[in-house]
Amino acid sequence: MNDTAGHKVGDGVLKEVAQRLQGCVRNTDICVRIGGDEFVVITTQLEQENQAVDVAEKMLRQFNTPITVGNHSFDLGISIGISLYPKHGRELGTLLEKADSAMYEIKQQGRNGYRIYSA
C-alpha cells in the first residue's frame, strides 16, 4: 500500500483500521499495533469462549466495507487468531504465540476469518 499509494495514505489506512478495531472492544480491553499491519486485541473479563468469538465476528463485520483514504479505496481482509487464558497459557508470550499460530491457519485458508487455537 505504501509503495502504490504513498506513506500518507498507508498511515491513514492504519489509523482507520485501529479505529474500527477499537470500535469492536470495550474500554477495559486493549488494542495495540505491534508492527506493520499486525494488531493485538486483548479482551478482559470474558466468562465464556463464545464471547471471544462474538468479538472476532464483530471485527470481521467492521471490515466488510472498504477503507477510503483520499482518492484511494482498499478492501482489506483480516485474519484473527484467538487464544484463551488460562486454557491455552498463563503467560502473555505463550498466548500470543498460540494466537499467531491460529491466525496463520486462517491465512492459509484464504483469510477473512478467525480460528481458536487448538493443539
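The structure we're discussing is the one just above.
Residues numbered from 1 in each chain as written. Predicted model: local features only at pLDDT ≥ 70, side-chain atom pairs only at ≥ 80, totals over all residues. Heavy atoms only, no water.

> Hey, could you run me through the pattern of salt bridges in this one?
If the charged atoms of two oppositely charged side chains come close together, the side chains can form a pair. Inspection of every chain in the model, using the stated rule, returns 4 salt bridges. A salt bridge links Asp-29 to Arg-26, with the shortest nitrogen-to-oxygen separation between them at 2.7 Å. The closest approach of N and O atoms between Glu-49 and Lys-87, which form a salt bridge, is 3.0 Å. Taken together, the residues Glu-49 in helix 3 (residues 49-62) and Lys-87 in the loop between strand 5 (79-82) and helix 4 (92-108) connect sequence positions 38 residues apart. The exposure class assigned to Glu-49 is partly exposed, which follows from its relative accessible area of 35%. (Salt bridge = Lys/Arg side-chain N within 4 Å of Asp/Glu carboxyl O. Helix = DSSP H or I, 4+ residues; strand = E, 2+ residues; numbered from the N terminus. Buried < 20%, exposed > 50% of the residue type's maximum accessible area, 1.4 Å probe, protein only.)

> Explain the environment of Asp-29 to me, please; I cannot follow it from the model alone.
Along the chain, Asp-29 turns up in the loop between helix 2 (7-22) and strand 1 (30-35). Among the residues examined, Asp-29 registers a relative accessible area of 11% and is labelled buried. Along the primary structure Asp-29 and Val-41 are separated by 12 residues, whereas in three dimensions their C-alpha atoms are 7.3 Å apart. Filtering out sequence-adjacent residues up to four positions away, Asp-29 remains in contact with Ile-42, Thr-43 and Thr-44. Separated by 2.7 Å, the side chains of Asp-29 and Arg-26 make a polar contact. Within the structure, Asp-29 has its side chain in polar contact with the backbone nitrogen of Thr-44 (distance 2.9 Å). (Contact = heavy atoms within 4.5 Å. Polar contact = N/O pair within 3.5 Å; in protein donor to acceptor, adjacent residues only side chain to side chain.)

> What is the right way to look at helix 2 in this model?
One turn of an α-helix holds 3.6 residues; hence residues three or four places apart share an orientation. Helix length check: helix 2 (16 residues) gives 22 Å between terminal C-alpha atoms against 22 Å at 1.5 Å per residue, within 8%. Within helix 2 the residues assigned to the buried category are Val-9, Gly-10, Val-13, Val-17, Arg-20 and Leu-21. Down the axis, helix 2 shows its buried residues gathered within 115 degrees of arc, on one side only. Turned more than 90 degrees off the buried face of helix 2, the exposed positions are His-7, Lys-8, Lys-15 and Gln-19. (Expected span 1.5 Å × (residues − 1). Arc of directions from axis to C-beta.)

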